[in-house]
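Given next are the chains, with one letter for each unit.
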Amino acid sequence: MKVTPDKKDIYEKAEKLGNEFVISATGTVIKRESINKNIPTGEIELDVNELEILNESEITPFVVEEDVKATEELRLKYRYLDLRRKSIYDNLILRNKVYQVAHKYYEKNGFTEIETPILMKSTPEGARDYLVPSRVKKGKFYALPQSPQTFKQILMVAGIDRYVQICKCFRDEDLRADRQPEFTQIDVEMSFADQNDIFRSSEGFLKQIWKGILGINIKSPFRLMTYDEAISKYGSDKPDLRINYMSEISDISDEVAGSEFRVFQDALNTNGIIAGIKLESINDEDGKKIEITRKVIDALTDFVKKLGFGGLGYFKVEEEGNLKSPISKFLSDEIQNSIKKKFNAKEGETIFVISGSRMDTLQALGQFRSHIADKFNLIDESKYEFLWITDFPLFKYDEEEMKFVGEHHVFTMPKDEFIKNLDSDKREEIENIRAHCYDLVLNGNEIASGSIRIHKSEIQRKVFKIMGMSDEEADQKFGFLLEAFRYGAPPHGGIAFGFDRIVAILCGIKYIKDVIAFPKTVSAVSLMDDSPSPVSKQQLDELGITLKKE
RNA sequence: GGAGCCGUAGUUCAGUUUGGUUAGAACGCCUGACUGUCACUCAGGAGGUCGCGAGUUCGAGUCUCGUCGGUUCCGCCA
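Residues numbered from 1 in each chain as written. Chains lettered and ligands numbered in written order. Predicted model: local features only at pLDDT ≥ 70, side-chain atom pairs only at ≥ 80, totals over all residues. Heavy atoms only, no water.

**Student:** Explain the side chain of Lys340 here, please?
**Tutor:** Its location among the elements puts Lys340 in helix α11 (residues 333-343). Of the side chains bearing the opposite charge, Asp333 lies closest to the buried Lys340, which forms no salt bridge; the N-O distance is 8.5 Å. Discounting chain neighbours no more than four positions away, the residues touching Lys340 are Gly321, Leu323 and Ala345. (Helix = DSSP H or I, 4+ residues; strand = E, 2+ residues; numbered from the N terminus. Buried < 20%, exposed > 50% of the residue type's maximum accessible area, 1.4 Å probe, protein only. Lys, Arg positive; Asp, Glu negative; His and termini not counted. Salt bridge = Lys/Arg side-chain N within 4 Å of Asp/Glu carboxyl O. Contact = heavy atoms within 4.5 Å.)

**Student:** Which parts of the structure should I look at to understand the layout of surface pockets?
**Tutor:** Where empty space is left can be seen by rolling a probe of water-molecule size over the atoms. For the second largest pocket, the calculated volume is near 620 Å³. What lines the second largest pocket is a set of 19 residues, among which Tyr130, Leu131, Val132, Leu144 and Pro532 lie closest to the centre. Contributing elements (two or more residues each) for the lining of the second largest pocket: β4 (131-133) and α17 (537-543). Here the lining of the second largest pocket is built from residues that sort into 12 nonpolar, three polar and four charged. (1 Å grid on protein atoms, 1.4 Å probe; cavity = no way out; pocket = protein on both sides within 12 Å on 5 of 7 lines; lining within 4 Å. Points joined across faces, edges and corners; volume = space filled by probe spheres on them. Nonpolar A, V, L, I, M, F, W, Y, C, P; charged D, E, K, R; others polar.)

**Student:** Would you mind showing me how to read the pattern of salt bridges here?
**Tutor:** Opposite charge on two side chains makes pairing possible when the charged atoms of those side chains draw close. Across all of its chains, the model carries 34 salt bridges by this definition. The partner of Asp228 in a salt bridge is Arg434, with the nearest N and O atoms 3.0 Å apart. You can see Asp228 sitting in helix α7 (residues 227-234) and its partner Arg434 sitting in the loop between α13 (427-432) and β17 (437-442), a full 206 residues away along the chain. Residue Arg434 is classed as buried on the basis of its relative accessible area of 14%.

**Student:** Help me understand helix α6 (residues 195-214), please; the structure alone is not making it clear to me.
**Tutor:** Note that an α-helix has 3.6 residues per turn; residues three or four places apart therefore point the same way. With 20 residues, α6 ought to run about 28 Å at 1.5 Å a step, and its terminal C-alpha atoms sit 28 Å apart, in line with that. Residue Asp194 occupies the N-cap position of α6, its side-chain oxygen lying 3.1 Å from the main-chain nitrogen of Asn196. Among the residues trailing α6, Gly215 stands out with phi positive, at a value near 70°. (Expected span 1.5 Å × (residues − 1). Polar contact = N/O pair within 3.5 Å; in protein donor to acceptor, adjacent residues only side chain to side chain.)

**Student:** Before we go on, may I ask you to explain the packing of aromatic side chains in this structure?
**Tutor:** Centre-to-centre distance and the angle between the planes together describe a pair of aromatic rings. On inspection of all chains with the given rule, the structure shows 22 aromatic pairs. When the centroid spacing of 5.7 Å and the interplanar angle of 35° are considered together, the rings of Tyr105 and Phe205 count as tilted. Highlighted residues: Tyr105 in helix α4 (residues 86-108) and Phe205 in helix α6, separated in sequence by 100 residues. A relative accessible area of 12% places Tyr105 in the buried class. With relative accessibility at 0%, the residue Phe205 sits in the buried group. Seen in terms of ring centroids, Phe261 and Phe264 are 4.9 Å apart; in terms of plane orientation they differ by 85°. Their pairing is edge-to-face. Across the pair, exposure class does not vary: Phe261 and Phe264 are buried alike. An aromatic cluster of at least three residues, connected via ring pairs, comprises Phe199, Trp210, Phe222, Tyr384, Phe386, Trp388 and Tyr438. (Phe/Tyr/Trp six-rings, centres within 6.5 Å; stacked < 30°, edge-to-face > 60°.)

**Student:** How do you make sense of the side chain of Thr350 when you look at a structure like this?
**Tutor:** One can find Thr350 in strand β13 (residues 350-356). The buried category is assigned to Thr350, whose relative accessible area is 3%. Leaving out residues up to four positions away in the same chain, Thr350 has contacts with Ile277, Lys278, Leu279, Ile292, Tyr314, Phe315 and Lys316.

**Student:** In this structure, what is going on with the protein's contact with RNA strand B? I would like to understand it.
**Tutor:** Near RNA strand B you find 35 residues, and of these Lys2, Arg32, Ser34, Gly406 and His408 are the closest. For RNA strand B, a sugar or linking oxygen lies 2.6 Å from a polar atom in the side chain of Glu173. Lys513 places a side-chain nitrogen or oxygen 2.6 Å from a phosphate oxygen of RNA strand B. When its residues are assigned to classes, the surface near RNA strand B shows 10 nonpolar, 11 polar and 14 charged. (Near = heavy atom within 4 Å.)

**Student:** Help me understand the sheet that holds strand β9 (residues 250-251), please; the structure alone is not making it clear to me.
**Tutor:** Strand pairs in the sheet, formed through backbone hydrogen bonds, run parallel or antiparallel to each other. Read across the open sheet, the five strands follow the order β9-β10-β13-β11-β12; overall the sheet is antiparallel. For this open sheet the edge positions go to β9 and β12 (323-324), each flanked by a neighbour on one side alone. Note that strand β11 (residues 313-317) and β13 share four bridges and pair antiparallel. In the sheet register, Phe315 faces β13, and the bridge partner there is Ile351. (Pairing = 2+ DSSP bridges.)

**Student:** Even after reading the chapter, I still don't get the nonpolar core, so can you show me in this structure?
**Tutor:** Among soluble globular proteins, nonpolar side chains are generally buried collectively. Counting residues in hydrophobic clusters, the biggest one holds 106 residues, and the most contacted among them are Leu206, Trp210, Phe352, Phe395 and Phe497. For this core, the element with the most residues is α6, which contributes seven residues. Among all residues touching Leu206, those that are not within four sequence positions of it are Ile218, Phe222, Phe386, Leu440, Ile447, Phe497 and Ile502. Ile252, Ala267, Phe343 and Ile351 belong to the second largest nonpolar core, which has 17 residues in total. (Core = buried A, V, L, I, M, F, W, Y, C linked by side-chain atoms within 4.5 Å.)

**Student:** Would you take a moment to explain empty space enclosed by the protein for this structure?
**Tutor:** This structure, assessed with the given rule, holds one cavity of 30 Å³ or more. The wall of the largest cavity is formed by Leu76, Arg79, Phe518, Pro519, Ser526, Leu527 and Met528. Its residues assigned to classes, the lining of the largest cavity shows five nonpolar, one polar and one charged.

**Student:** Hey, could you run me through the environment of Leu119 in this one?
**Tutor:** Locating Leu119 in the fold gives a position in the loop between β3 (112-113) and β4. C-alpha separation for the pair Leu119 and Ala143, spaced 24 residues apart in sequence, amounts to 5.8 Å. Every residue in contact with Leu119, bar those within four places of it in the chain, is listed here: Val132, Tyr142, Ala143 and Leu144.

Structure, rendered in structure tokens:
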């Protein structure tokens, strides 16, 4: 804008303008005398002949600028100011585009969007529910849905054979950078669908998103990996396949079985394993070789110690293929050679080894892999690595509660060959049951999860029974679903996408708060409107609620 | 429930290791100068419950304990 002092009234008004004022200016667009190519409108300006201040702004609690300096706390309290920043605004615009792709894609493929209730029955399985007291039925409560799971299954029974909904889900659990107490899912369910039908449909959806929003053609079908393979090779059920210069995990229990090394013997004697992962020779940004020094090893040892391991074994492969390691003196040449062979280890590479119970060891190596990848920048950020993880266990044994709990959710169909194990009372046979259950992983993030569902009440009852739920209990909690299955329920299955996480990845950010207009803090508080908040005694009385004194 | 980090002008931070005079800087804000700025510049100025509460001490922003808030991770999240 150009305002010269000869236009006295306007000049004086313009002098009063401050940051975040809302104004209306009228004038002639003219070419700038001094062109500034750094700003979009840098070649023109407005020669103002009318200026009106529509609304003034007080001094803002923080300066609204792209490179924001304020803490997250302040930004959340004054969310409307933070949302004025282009980067946050752009995230919401992108989010909107993903909604539109979802509506169009599923509409085009014959899906019907149907809303399911927000006030529903509390289901005790899974996450903690957010509860809503009933005024009319005092002492009774609704729950906010953890997901519309039971309703969408009922819709299948009702003959709505393709359902979709972009819906809010609520889980009263502790939060993380990628977890909010309320979050958005794209919830999908199809009748007469097998796993492949769900996969093809979901891949088509994600292709549309990536094409429409990033202009990237992603390849499909996506890679498949069973849960067991993911755990044994990557120590995680959501491996990040963008990591370079690191080998898969190898179990070397057989190779070192004959060694005298106490730590290894202890692991084997307690039914554990010895496993490791290899770091290839790597360079820093200047192309200089990164040495795995004593200092580096010490830091990595601290890392595995924090995970509950006694220590970290390592072998540095030197020239002529010798293994340099504090523990090589315990290992015969033969054993050392077989380790080298197992990892196909070459000069300049380092093999890291830990031992313990199988699952703990593999998962620790999985975390170790991510940790190294972060530390040495081994992640190829240009890639989008989609991966289906399939064949999850149906149950896992909860040592604390001394009972089986659903690994995915309780409505998941076991794979055919394991149906007979539902009648077993052996822990191992129950744990071996694999389910028609799948997660979609992108760059190490779980972005969707689903399963083929149980559509027969007798199988559902068996599953409930294994989880320690009697028929009476099952009827009380899920009777409506079991009953529905008695009236010709079609086979069905579905998936739910983590909408916030997908949008965050598309925006290239790690934290889902910045793709949500009004997010909550890690203690589930909304700093802007200060919720949750106390309510009046009258409100509580109407609900028949008395607060306990602390 | 557990662990780590953070909390000092309006804002972002330094100062805390090793307690010691009047708690500093930058940006922002206010006043003035400047007829071409666009991270303006220049001169001047205001602005502090060092999150809160106890304790130790002659003396606490600094040490101890507790507490509140933010954040990251573990547990948890069918």
